[in-house]
Amino acid sequence: AGPQLRESLRPFGYYNPFIDAALSGKAPNWQAIYTIDPGPRTVLKRVELQISGEGAEAFDDERRQIAKRLGNDTPLAHAEYDAAKTLLASAAYARGYLDAQYRVAELRVMPSENTAEAVLHFETGPRYHFGEFVVEQTQGRRQLDPDFLRRYVPIRPGRPYDPAVLLKTQFALGDLGYFNDIEVIPQREAAVDHVVPILIRTSPRKAQHYDFGVGYGTDTGARGLVGAEFRQLNDRGHTLRVETQISEIKNAAYGEYRIPLGNKAGETLSLNAQLGQQDYRSGKSEFRSFGTSLARSPGKWQRRYSLTYLHEESQLGEDGVIADLLMPGMTLNRNRLDDPIYARIGWSLFADAHGGVHNIASTVSFLQTHAVLKGVLPFGPRIRLLGRYEYGANFVEDFGRLPASQRFFAGGDQSVRGYSYQSIGPRDANGDVIGGNFLTTASGEAELRVWNEWGVAAFLDAGGASDDPSPVLHYGVGVGLRYRAPVGSIQIDFAHPLDKDQSAIQFHLGVRVGL
């Protein structure tokens, strides 16, 4: 075992250990005892780093990093030497020096002197550049126009070869939703004058996709969904989504035709239409709408500009409204999450503004703003803390002309737990909830994972809806059970409202995705 012990100490710079071995006990139960004195540690006395070739001047940052790892008179560690070698080779590949190699790479150790020297002579070779690229599609299937696909490929012929751009290409085409598999292949063997052509192989997704679903939530009751998506209607990538949703409180049919725009996945011009009916706590509403929207993603913000025509007939208590609204609007979305399904750290922001003008295809003038901010933070390996704040406001000339879908209510799974869905809001003379102009809700929750995917939570919710910009808040507290599923966090909550006229316990069941 002595030679093996000596060998195991060398990567840490100990080349002259003293090892004393002794045996004790009796056969066959001998006990081996080793006493190890590692001895003096080997010290780097000289580091010789030479970078030559076309890209020799492009590695100043790597020179500095290697100097920190392999400084003169620093204790020898083989891992630091190996990391320095890898650092330089990886940087060269990332910058397109595909022929880069070490002419000399030696760690010279003088055990008798407890000193060492590192000698690295690195040759970059020429820098490679991107050539033309070809997107290969499956024969016999409707193919997308090559010019349409080129908009989404970040490879630019003539620019320096960069493997990160190849990965970016794979993600960009994958996000379009037309392909199952994408393989980006640099054809280095076909390079001429250090220009590398790129082959992009794709396999298509099914042209149609159908959704069928059933579920239950305490806000919606039993619910079902039937939908179909036609993913590639023509060679310009147009898609169509149709969907029917049925639940105990809302039935709706929806259709959306999308036309890709720009050079990012998700940037589209959409034509949409909807027909449906919704029950409220004190009445119901029937509606139909159609419109168009433009989705853009400049920078890190997702923006959606829309123009929607809505015809709605609603009855809340004794408040009956027949409304026609032509509503321009804009929605902003942004999030920074470590996991889009089950986040442990991050935040998200949703903000919407829309409205209408009386006598311009609208029966009432109004402006509505609505924002929701959510955040999550880890507290140790098993706990996460979640927070949410929501505010909404209507600025309207005649509230009585505003249909139910444009009014604010509070209460329910995603609002104030402990209170029934949309049970909080201004009431008429008969005590029926008719909604308000202003909304405030907030929530704080601590979630503890106790076993595998199971966890428990404690929460405090607050919220209110009224005709005052600062609504009176109603509070609910409770505990819940959590299960981390592939679709998100399944929540079973038992909440107690702090208003004395409410039932003692309200049961809530729902699913949280992301935050």
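For the structure itself, consult the block above.
Summarised in this report is the structure supplied together with it. (Residues numbered from 1 in each chain as written. Predicted model: local features only at pLDDT ≥ 70, side-chain atom pairs only at ≥ 80, totals over all residues. Heavy atoms only, no water.)

### Considering the packing of aromatic side chains
Here comes step 1: The tally for this structure, following the rule as stated, stands at twelve aromatic pairs.
Here comes step 2: Measuring from centroid to centroid gives 4.8 Å for W454 and Y483, while their planes differ by 50°, and the two rings are tilted. Of the two residues, W454 sits in strand β21 (residues 454-466) while Y483 sits in strand β22 (residues 474-485), which places them 29 residues apart along the sequence.
Here comes step 3: Centre to centre, the rings of F494 and F507 are 5.6 Å apart; their planes meet at 50°, and the pair counts as tilted. In this pair, F494 sits in strand β23 (residues 488-497) while F507 sits in strand β24 (residues 506-512), placing the two residues 13 residues apart along the sequence.
Here comes step 4: Through a chain of ring-to-ring contacts, three or more aromatic side chains come together here, namely F148, Y152, Y178 and F179. (Phe/Tyr/Trp six-rings, centres within 6.5 Å; stacked < 30°, edge-to-face > 60°. Helix = DSSP H or I, 4+ residues; strand = E, 2+ residues; numbered from the N terminus.)

### Looking at the pattern of salt bridges
Here comes step 1: All chains considered together, the criterion is met by 32 salt bridges.
Here comes step 2: Of the charged contacts, one joins R108 and E117 as a salt bridge, the two residues approaching to 3.3 Å between their closest N and O atoms.
Here comes step 3: For R108, a relative accessible area of 33% puts it in the partly exposed group.
Here comes step 4: Here R417 and E445 are joined by a salt bridge, their closest N and O atoms 3.2 Å apart. Placement of the pair is R417 in the loop between β19 (383-396) and β20 (438-451) and E445 in strand β20, with a sequence separation of 28 residues.
Here comes step 5: Given a relative accessible area of 3%, R417 falls into the buried group.
Here comes step 6: Taken together, the shared-partner salt bridges in this structure form one network comprising R384, R417, E445, E447, D461, R482, D493 and R512. (Salt bridge = Lys/Arg side-chain N within 4 Å of Asp/Glu carboxyl O. Buried < 20%, exposed > 50% of the residue type's maximum accessible area, 1.4 Å probe, protein only.)

### Comments concerning the side chain of D461
Here comes step 1: Tracing the backbone through its elements, the reader meets D461 in strand β21.
Here comes step 2: Residue D461 is classed as buried on the basis of its relative accessible area of 1%.
Here comes step 3: What D461 contacts, discounting residues up to four positions off in sequence, is S415, V416, R417, A442, S443, H474, Y475 and G476. (Contact = heavy atoms within 4.5 Å.)

### Thoughts on the sheet that holds strand β7 (residues 179-186)
Here comes step 1: Strand order in the open sheet made by the three strands is β6-β8-β7, with mixed pairing throughout. The open sheet has two edge strands, β6 (129-136) and β7, and neither has a second partner. The sheet shows a mean angle of 20° between the axes of neighbouring strands, taken without regard to direction.
Here comes step 2: Sheet topology note: the β6/strand β8 (residues 195-204) ladder contains six bridges and is parallel. Considered in β8, the bridge of F130 is made with V196. (Pairing = 2+ DSSP bridges. Axes fitted to C-alpha atoms, helices over the stretch in contact; angles between N-to-C directions.)

### Side note on the pairing of strand β14 (residues 283-296)
Here comes step 1: Pairing of strand β13 (residues 268-280) with β14 involves twelve bridges; the strand directions are antiparallel. Across the sheet, L271 pairs through a bridge with T292, a residue of β14.
Here comes step 2: Between the end of β13 and the start of β14, which pair antiparallel, lie two residues.
Here comes step 3: As paired elements, β14 and strand β15 (residues 302-316) share 14 bridges and run antiparallel to each other. Note on β15: the bridge partner recorded for G283 is L316.
Here comes step 4: Once β14 ends, the chain turns through five residues before running back antiparallel as β15, passing G299 with a positive phi of about 65°.

### Description of a nonpolar patch on the surface
Here comes step 1: On the surface, a cluster of nonpolar side chains totalling about 980 Å² of accessible area is made up of I341, L448, V450, W451, W454, V456, L481, Y483, V487, I490, V511 and V513.
Here comes step 2: If you list the elements that add at least two residues to the nonpolar patch, you get β20, β21 and β22.
Here comes step 3: In terms of residue count, β20 provides more of the nonpolar patch than any other element does, three residues in total.
Here comes step 4: When its relative accessible area of 35% is taken as the criterion, W454 is described as partly exposed. (Patch = residues over 30% accessible without salt bridge, like charges linked within 9 Å, V, L, I, M, F, W, Y side chains within 5 Å. Areas by Shrake-Rupley, 256 points an atom, 1.4 Å probe, with all protein chains shown as cover.)

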